[in-house]
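# Structural overview
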Amino acid sequence: MIDEKPPILDEEQAIDRTHELISSRRVEGTPVYDRDGRKLGSIHSVMIEKRSGRVAYAVLSVGGFLGMRGHVHPVPWDVLTYDVDLDGYVVDLTFEQLERAPSLSLDDADRPRGRDYDEEVSGYYGRLPWWGL
């Protein structure tokens, strides 16, 4: 995994980072780092519950070459913390933990799974399912 430094921002970009809301299009491609600032991957997409608008999980792509990834990992949204200094999300996981996490083929990443699979994902990360109890 190649360590990447966050880009240097101009004044307009710096001001833009202070807003509370972000477009889903801007979340896609945002880097995800471990607690030590090493890049783990980037957000491929987010899965949103249609009726409530709640973000269920982010689909995290790790590694790959020129978009040929093969597999992605659903990660509960609440395990991600946005870090202004990194201009990316931080997750309290190692690369090895992420490799063992539930995964999907890239072709299936944007299709909803059943609740059993969603419970497996949330259980792996020690979280309640996105819908609660």
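For clarity, every value in this text was computed on a predicted model and none was experimentally measured. (Residues numbered from 1 in each chain as written. Predicted model: local features only at pLDDT ≥ 70, side-chain atom pairs only at ≥ 80, totals over all residues. Heavy atoms only, no water.)

## Quick notes on the nonpolar core
Counting 26 residues, the largest nonpolar core has Val32, Ile43, Val75, Leu80, Val91, Leu98 and Tyr125 as its most contacted members. Mapped by element, the contributors of at least two residues to this core are strand E2 (39–48), strand E3 (55–61), strand E4 (71–76) and helix H4 (115–124). Counting residues per element, this core draws most heavily on E3, which supplies five residues. If near-sequence neighbours (up to four positions away) are discounted, Ile43 is found in contact with Val27, Glu28, Gly29, Thr30, Val32, Ala58, Val59, Leu60, Leu80 and Tyr89. (Core = buried A, V, L, I, M, F, W, Y, C linked by side-chain atoms within 4.5 Å. Buried < 20%, exposed > 50% of the residue type's maximum accessible area, 1.4 Å probe, protein only. Helix = DSSP H or I, 4+ residues; strand = E, 2+ residues; numbered from the N terminus. Contact = heavy atoms within 4.5 Å.)

## Quick look at the sheet that holds strand E1 (residues 31–33)
Pairing is mixed across the open sheet formed by seven strands, whose spatial order is E5-E6-E1-E2-E3-E4-E7. What marks the edges here is a single partner per strand, and that holds for strand E5 (81–83) and strand E7 (104–105). Taken together, the two bridges between E1 and strand E6 (residues 88–90) define a ladder with parallel strand orientation. The residue bridging Tyr33 from the neighbouring strand is Val90, located in E6. On top of the sheet, H4 reaches E3, E4 and E7; it is set at about 75° to E4, its chief contact. (Pairing = 2+ DSSP bridges. Axes fitted to C-alpha atoms, helices over the stretch in contact; angles between N-to-C directions.)

## Concerning unusual backbone geometry
Of note, Asp87 is a non-glycine position whose phi angle comes to about 55°, a positive value. Within the secondary structure layout, Asp87 lies in the loop between E5 and E6. For Asp87, a relative accessible area of 22% corresponds to the partly exposed category.

## Some words on the pairing of E2
Within E2, eight of the 10 residues are buried, leaving the element largely enclosed by the surrounding structure. Two elements, E1 and E2, share three bridges in a ladder whose sense is antiparallel. Pairing of Pro31 across the sheet is with Ser42, part of E2. The turn linking E1 back onto E2 is made up of five residues, and Gly37 within it adopts a positive phi angle of 85°. As paired elements, E2 and E3 share six bridges and run antiparallel to each other.

## Regarding the side chain of Asp34
Note on placement: Asp34 falls in the loop between E1 and E2. Take Asp34: its relative accessible area is 5%, and that puts it in the buried class. Within the local environment of Asp34, its side chain forms a polar contact with the backbone nitrogen of Asp36, the two atoms lying 2.9 Å apart. Once residues within four sequence positions are removed from consideration, Asp34 is found in contact with Leu40, Val90, Val91 and Leu93. (Polar contact = N/O pair within 3.5 Å; in protein donor to acceptor, adjacent residues only side chain to side chain.)

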